[in-house]
Amino acid sequence: MTAGVFVTGTGTEVGKTVVAAAIARTLAGDGRRVAVFKPTVTGLEDPGEPDHRLLRRAASSEQANGEIAPYRYGPPMSPHLAAALAGEEIQPDRLLTAAREAAAGADILVCEGVGGLLVPLSPDYLVRDLALDLGLPLVVAASPGLGTINHTLLTIAVARQAGLGVAAVVLTPWPERPDQIEASNRATIEALGEVKVETLRHLDLSNPTAWPPLRLP
Ligand SMILES: Nc1ncnc2c1ncn2[C@@H]1O[C@H](COP(=O)(O)OP(=O)(O)O)[C@@H](O)[C@H]1O
Ligand SMILES: [Mg+2]
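Note that this is a predicted model, so its numbers are computed, not measured. (Residues numbered from 1 in each chain as written. Chains lettered and ligands numbered in written order. Predicted model: local features only at pLDDT ≥ 70, side-chain atom pairs only at ≥ 80, totals over all residues. Heavy atoms only, no water.)

Trainee: So, the coordination of the magnesium ion (ligand 2): which residues are in play, and what are the values?
Mentor: Summarising the metal site, the magnesium ion (ligand 2) is bound by the protein donors Thr-17 (OG1), Asp-51 (OD) and Glu-112 (OE), whose distances to it range over 2.0 to 2.3 Å. The motif formed by the donor residues of the magnesium ion (ligand 2), counted along the single chain, is T-x33-D-x60-E. Taken together, the positions of Thr-17 in helix H1 (residues 16-29) and Asp-51 in helix H2 (residues 51-59) put the pair 34 residues apart, joining distant regions of the chain. For Thr-17, a relative accessible area of 12% corresponds to the buried category. Taking relative accessible area as the criterion, Asp-51 reaches 23% and is therefore assigned partly exposed. (Donors = N, O, S within 2.8 Å, 3.2 Å for Na, K, Ca; no water. Helix = DSSP H or I, 4+ residues; strand = E, 2+ residues; numbered from the N terminus. Buried < 20%, exposed > 50% of the residue type's maximum accessible area, 1.4 Å probe, protein only.)

Structure follows, in structure tokens:
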């Protein structure tokens, strides 16, 4: 399997896409050929740019939609439910094949998960299982504010219990002047999670070339 990272998060809407995009942009800016991958995209019927498009822009990739995200659904819901309503079941083998094909055309693969680690892709195959099968280290996107210590440490615990390595946590969007809670959250997660905690400031998503690099340990 190719080198890469698997960006998960403490839940949905916590910054996974932005963190994955920032990592992809950093690698592309360094001259690496970056492939991006997102096992399933749901919520295509919502307004706004879908995840696979932002990932592709950030990576300067020319992958087709289906090469980035083999399963795409309109309703904003858990992938296993969106698939069921479309009359199908997400096939783990198809995901693994698609991820490997994406990786084969690049130097490095940046994969964004769906929701958090325990979200089902099919009734008996969770995001955690895909990360394990891909053999990629995790990056955990998390919010900076109140509540994040518990969510982040739970995610790290589930990851390590499954045998997944956690390369870093990224708190996003990180404010220009962190308050006492945010600064303490960063230090506390680092200490109790025994993990490197990076931060990502608010980005103008329309212009990836202006983003600061996000380098992982
Ligand atoms: N560093 C950041 N800069 C700009 N917007 C951010 C940043 N971090 C999070 N956001 C915003 O927070 C929301 C959720 O982020 P997103 O990456 O889509 O989450 P997820 O992929 O976990 O569902 C989006 O509106 C996104 O633009
Ligand atoms: Mg996302």
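Further notes follow.
Trainee: Can you explain the site of ligand 1? Please cite residues and give values.
Mentor: In the region of ligand 1, 15 residues are neighbours, and Glu-13, Lys-16, Thr-17, Thr-172 and Leu-203 sit closest. Thr-172 places a polar side-chain atom, nitrogen or oxygen, 2.8 Å from a nitrogen atom of ligand 1. Contacts to ligand 1 include Arg-201, whose backbone N or O atom sits 2.9 Å from a nitrogen atom. Alone, ligand 1 offers 560 Å² of accessible surface; in the complex the protein occludes 78% of this. When contributions to the shell around ligand 1 are tallied by element, the ones reaching two or more residues are H1, strand S9 (166-174) and strand S10 (197-201). Here the shell around ligand 1 takes three residues from H1, the largest share from any one element. Across the shell around ligand 1, the residue classes break down as six nonpolar, five polar and four charged. (Near = heavy atom within 4 Å. Polar contact = N/O pair within 3.5 Å; in protein donor to acceptor, adjacent residues only side chain to side chain. Areas by Shrake-Rupley, 256 points an atom, 1.4 Å probe, with all protein chains shown as cover. Nonpolar A, V, L, I, M, F, W, Y, C, P; charged D, E, K, R; others polar.)

Trainee: Please set out the sheet that holds S9 residue by residue, giving values where relevant.
Mentor: Taken in spatial order, the six strands line up as S2-S5-S1-S8-S9-S10 in an open sheet, and their pairing is parallel. Each of the sheet's edge strands pairs with one partner strand only, and the pair in question is strand S2 (34-37) and S10. Direction aside, the axes of adjacent strands within the sheet are offset by 25° on average. Two elements, strand S1 (residues 3-9) and strand S5 (residues 108-112), share five bridges in a ladder whose sense is parallel. Pairing of Ala-3 across the sheet is with Ile-108, part of S5. Contacts from H1 reach S1, S2, S5, strand S8 (138-142), S9 and S10, with the element oriented near 170° to S5. Relative to the sheet, helix H7 (residues 148-162) contacts S1, S8 and S9, its axis offset from that of S9 by approximately 155°. (Pairing = 2+ DSSP bridges. Axes fitted to C-alpha atoms, helices over the stretch in contact; angles between N-to-C directions. Contact = heavy atoms within 4.5 Å.)

Trainee: An account of the pairing of S10 is needed here, citing residue identities and associated values.
Mentor: The two faces of a sheet get side chains in turn, since along a regular strand they alternate between them. Where S9 meets S10, four bridges bridge the pair, whose relative direction is parallel. By the bridge assignment for S10, Val-169 is matched with Val-197. As a crossover connection, the stretch from S9 through helix H8 (residues 180-193) into S10 is right-handed. (Right-handed = clockwise from strand over helix to strand, strands pointing away.)

Trainee: Explain the nonpolar core to me, and be specific about the residues and the numbers.
Mentor: Side chains that are nonpolar tend, in soluble globular proteins, to be buried together. Phe-6, Leu-121, Leu-130, Leu-134 and Val-169 are the most contacted members of the largest nonpolar core, which totals 41 residues. For this core, the secondary structure elements donating two or more residues are S2, helix H4 (79-85), helix H5 (92-104), S5, helix H6 (127-134), S8, H7 and S9. By residue number, the principal contributor to this core is H5, which donates six residues. Excluding residues that lie within four positions of it along the chain, Leu-130 makes contacts with Phe-6, Pro-39, Leu-95, Leu-96, Leu-121 and Tyr-125. Residues Val-14, Val-139, Val-170 and Leu-214 belong to the second largest nonpolar core, which totals 27 residues. (Core = buried A, V, L, I, M, F, W, Y, C linked by side-chain atoms within 4.5 Å.)

Trainee: How would you explain the packing of aromatic side chains if you had to name every residue and give the values?
Mentor: Counting across every chain of the model gives zero aromatic pairs. We note Arg-94 situated over the ring of Tyr-71; from NZ or CZ to the ring centre the distance is 4.2 Å. It is Arg-186 that lies over the ring of Trp-174; its NZ or CZ is 5.9 Å from the centre. (Phe/Tyr/Trp six-rings, centres within 6.5 Å; stacked < 30°, edge-to-face > 60°. Lys NZ or Arg CZ within 6 Å of the ring centre and 35° of its normal.)

All we've got here are geometric facts, nothing functional implied.
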